[in-house]
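# Remarks on the overall topology
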Amino acid sequence: QVQLVESGGGLERPGGSLKLSCVVSGSISSIKATGWYRQAPGKERELAATITSDNTHIADSVKGRFTISRNSAKDTLYLHMNSLKPEDTAVYYCYADVIDGFYVTRSWGRGTQVTVST
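What you see is a predicted model; the values in this text were computed from it and never measured. (Residues numbered from 1 in each chain as written. Predicted model: local features only at pLDDT ≥ 70, side-chain atom pairs only at ≥ 80, totals over all residues. Heavy atoms only, no water.)

Here strand E3 (residues 18-26) runs beside strand E8 (residues 76-81); their pairing, made up of six bridges, is antiparallel. Along E8, the bridge assignment pairs Leu-20 with Leu-79. Pairing of strand E7 (residues 66-70) with E8 involves five bridges; the strand directions are antiparallel. Of the residues in E8, the one forming a bridge with Ser-69 is Tyr-78. Between the antiparallel neighbours E7 and E8 lie five residues, among them Lys-74 with a positive phi of about 60 degrees. (Pairing = 2+ DSSP bridges. Helix = DSSP H or I, 4+ residues; strand = E, 2+ residues; numbered from the N terminus.)

Listed below in structure tokens is the structure:
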């Protein structure tokens, strides 16, 4: 089991930048993949970015503007958001896929609100 706590959201103007953080605790060594989803009002949750030990994946909708990284201890995950647009307004959730025997279990944080507006 892992626990995830996001921070760093807030109100930002179009064109601005924000950095989201996600502190991970628990069975970090059992994490297969981790990343960020977002959910805008009235829309389904969508993947923004994923990171594994081998590579990273950035969704087309944010490619070239968002990057994902984590610290060397792998206990803090970041989402660097640049050139923000109003359509980036959403609740951003970090997640972790944890290997549990033959299964993979997904854990979620509670989310952090990002609002892009003038």
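There is more to say, and it comes next.
Here the focus is the pairing of strand E4 (residues 31-39). Where burial is concerned, most of E4 is hidden: seven out of the nine residues are buried. Pairing analysis gives eight bridges linking E4 to strand E9 (residues 90-100), with the strands arranged antiparallel. Bridging from a neighbouring strand, Arg-38 pairs with Tyr-92 of E9. By the bridge criterion, five bridges tie E4 to strand E5 (residues 46-51) in an arrangement that is antiparallel. Each residue of the ladder has a partner; that of Tyr-37, found in E5, is Leu-47. In sequence, E4 turns back onto E5 through a hairpin of six residues, with Gly-42 there showing a positive phi of about 75 degrees. (Buried < 20%, exposed > 50% of the residue type's maximum accessible area, 1.4 Å probe, protein only.)

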